[in-house]
Amino acid sequence: KAGVTQTPRYLIKTRGQQVTLSCSPISGHRSVSWYQQTPGQGLQFLFEYFSETQRNKGNFPGRFSGRQFSNSRSEMNVSTLELGDSALYLCASSRGQETQYFGPGTRLLVL
Amino acid sequence: KQEVTQIPAALSVPEGENLVLNCSFTDSAIYNLQWFRQDPGKGLTSLLLIQSSQREQTSGRLNASLDKSSGRSTLYIAASQPGDSATYLCAANTGNQFYFGTGTSLTVIP
C-alpha cells in the first residue's frame, strides 16, 4: 500500500508570493491533517480535512488555507509569504481519529 | 489549551542500554496518545498508539505506557541500537487535534 505522498519536496519562494502544496493520503484514508514544523516552534497543527470539509483548525492566520478534493487529496495554500513561513510542512492521513501516517514533507524556504 | 512536554530534550546512551523517554500533558481529556520517530529532514514514522482506555502498548523492543490521571506517558526502548538514533515525539490527541511535544533527540553510541 502506497504511503502518504507530498509534492513538491522542496520549494524556494520570495516574500509576498503565494505557494500551493499538495498531499495525497493513503488509499482509504479520509482525514488529512497539515502541520508546520520549525526549529523554534516544533510541530504545530494547521488544519484537518475530513470528507472535503475542514473539521478542525489550528491557530494560524488566514493566509494559510486548505482544501480537500473528493478523492481525499488535499492542498494547502499560503498567500503573501513571509520569511517566518520557512518551514517543513507535513501532512498526515488517517481513517479518522486513529493512527496518523505522515508524508515526507515539503521544505519551503522563503527569501 | 493542551501542552505537551518531553524530557529530556536530548539523550546519549551506549549501545545495548535500556532507556525511557518521558512525555507529559496538561489536559487528561485525551482521545489517544501516539509516539513517533523522526529522522533528520524526514517525516514522522508512527511507533505506537495508545487509546485513552489502554495502559500500554508493545511493539518489538518498544513499550509505551499511559497514565491519564497523572498526564504522563513513557516510551521504553530495550537493548538500544545505533539505528534507534532519531528524534522521538509524542502527540496527545484531544479529538480535535494532535498536540506535539518538542521531542527527545536520542543518540545511541556504538
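Owing to the predicted nature of the structure, the values given are computational and were not obtained by experimental measurement.

Each value, and the rule that gives it
Residues numbered from 1 in each chain as written. Chains lettered and ligands numbered in written order. Predicted model: local features only at pLDDT ≥ 70, side-chain atom pairs only at ≥ 80, totals over all residues. Heavy atoms only, no water. Helix = DSSP H or I, 4+ residues; strand = E, 2+ residues; numbered from the N terminus. Rg over C-alpha atoms; globule rule 2.2 N^0.38 Å. Buried < 20%, exposed > 50% of the residue type's maximum accessible area, 1.4 Å probe, protein only. Contact = heavy atoms within 4.5 Å. Areas by Shrake-Rupley, 256 points an atom, 1.4 Å probe, with all protein chains shown as cover. Lys, Arg positive; Asp, Glu negative; His and termini not counted. Charge placed at Lys NZ, Arg CZ, Asp CG, Glu CD. Pairing = 2+ DSSP bridges. Core = buried A, V, L, I, M, F, W, Y, C linked by side-chain atoms within 4.5 Å. Axes fitted to C-alpha atoms, helices over the stretch in contact; angles between N-to-C directions. Polar contact = N/O pair within 3.5 Å; in protein donor to acceptor, adjacent residues only side chain to side chain.

*Asks:* Help me out: how do you make sense of the overall build of chain B in this one?
*Replies:* A tally of regular secondary structure across chain B gives 0 helices and 11 strands. Ordered by position in the sequence, the α and β elements of chain B form the string β-β-β-β-β-β-β-β-β-β-β. Whereas a compact globule of 110 residues would reach a radius of gyration of roughly 13 Å, chain B reaches 13 Å, a difference of no more than 12%. Considered along the principal axes of its C-alpha atoms, chain B spans approximately 40 × 25 × 20 Å. Within chain B, the fraction of its 110 residues that count as buried is 45%. In chain B, 54% of the contacts between residues at least 6 apart in sequence involve partners at least 24 apart. For chain B, the accessible surface area stands at approximately 5,100 Å², while carbon and sulfur atoms represent 47% of it. The distance from the centre of the 7 positive side-chain charges to the centre of the 8 negative ones in chain B is 5 Å.

*Asks:* Honestly, the pairing of strand E7 (residues 62–67) of chain B in this entry has me stumped. Any pointers?
*Replies:* Consecutive side chains of a regular strand alternate in pointing toward one face of the sheet and then the other. Residue and element names in this part refer to chain B. Judged from the 4 bridges that link them, strand E6 (residues 56–59) and E7 form a sheet pairing that is antiparallel. The partner of Ser-59 across the bridge, within E7, is Leu-62. Hairpin remark: E6 followed by E7, antiparallel, with 2 residues in the connecting loop; positive phi at Gly-60, about 60°. In this sheet, strand E8 (residues 72–77) lies alongside E7 in antiparallel orientation, the contact comprising 6 bridges. For Leu-62, the partnering residue across the bridge sits in E8 and is Ile-77. Here E7 folds back onto E8 in antiparallel fashion, the turn holding 4 residues, of which Gly-71 has a positive phi close to 65°.

*Asks:* What am I meant to see in the nonpolar core here?
*Replies:* Grouped burial of nonpolar side chains is what soluble globular proteins tend to show. Counting 24 residues, the largest nonpolar core has Leu33(B), Trp35(B), Leu75(B), Ile77(B) and Tyr88(B) as the members making the most contacts within it. Grouped together as the second largest cluster of nonpolar side chains are 21 residues, Trp34(A), Tyr49(A), Phe64(A) and Ala87(A) included.

*Asks:* Quick question: what am I supposed to make of the sheet that holds strand E8 (residues 74–78) of chain A here?
*Replies:* As a general point, the strands of a sheet are linked pairwise by backbone hydrogen bonds and lie either parallel or antiparallel. Residue and element names in this part refer to chain A. Reading across the sheet, the 4 strands line up as E1-E3-E8-E7 and stay open at both edges, with antiparallel pairing between neighbours. Two strands in the sheet have a free side with no partner beyond their single neighbour: strand E1 (5–7) and strand E7 (64–68). When strand polarity is set aside, the average angle formed by the axes of neighbouring strands in this sheet is 20°. Bridge analysis of strand E3 (residues 19–24) against E8 gives 5 bridges, and the strand direction is antiparallel. Directly across from Thr-20, in E8, lies its bridge partner Asn-77.

*Asks:* Is there a simple way to explain the sheet that holds strand E3 (residues 19–25) of chain B in this structure?
*Replies:* Residues and elements named next belong to chain B. An order of E1-E3-E8-E7-E6 is seen for the 5 strands of this open sheet, with the pairing classed as antiparallel. Strand pairing shows two members of the sheet lacking a second neighbour, strand E1 (4–7) and E6, which therefore form its edges. Averaged over all pairs of adjacent strands, the angle between their axes in this sheet comes to 15°, without regard to strand direction.

*Asks:* Teacher, can you tell me more about the side chain of Asp84(B) here?
*Replies:* Residue and element names in this part refer to chain B. Looking at where Asp-84 falls in the secondary structure, it is placed in the loop between E8 and strand E9 (86–93). Judged by its relative accessible area of 8%, Asp-84 falls in the buried class. For Asp-84, the side chain forms a polar contact with the side chain of Arg-61, separated by 2.8 Å. Asp-84 has contacts with Arg-37, Arg-61, Ile-77, Leu-106 and Val-108, leaving out every residue within four places of it along the chain.

*Asks:* Would you mind going over unusual backbone geometry with me for this structure?
*Replies:* Among all residues except glycine, the phi angle is most often negative; among peptide bonds, the trans geometry is most common. With an omega dihedral of -10°, the bond running from Thr7(A) to Pro8(A) counts as a cis peptide bond. Counting through the fold element by element, Pro8(A) comes out in the loop between E1 and strand E2 (10–13). Geometrically, the link from Ile7(B) to Pro8(B) is a cis peptide bond, its omega value of 0° lying close to zero. Note that Pro8(B) resides in the loop between E1 and strand E2 (10–14). One non-glycine residue, Glu52(A), adopts positive backbone phi at about 75°. Mapped onto the elements of the fold, Glu52(A) is located in the loop between strand E5 (42–50) and strand E6 (53–57). Using a relative accessible area of 46% as the deciding quantity, one classes Glu52(A) as partly exposed.

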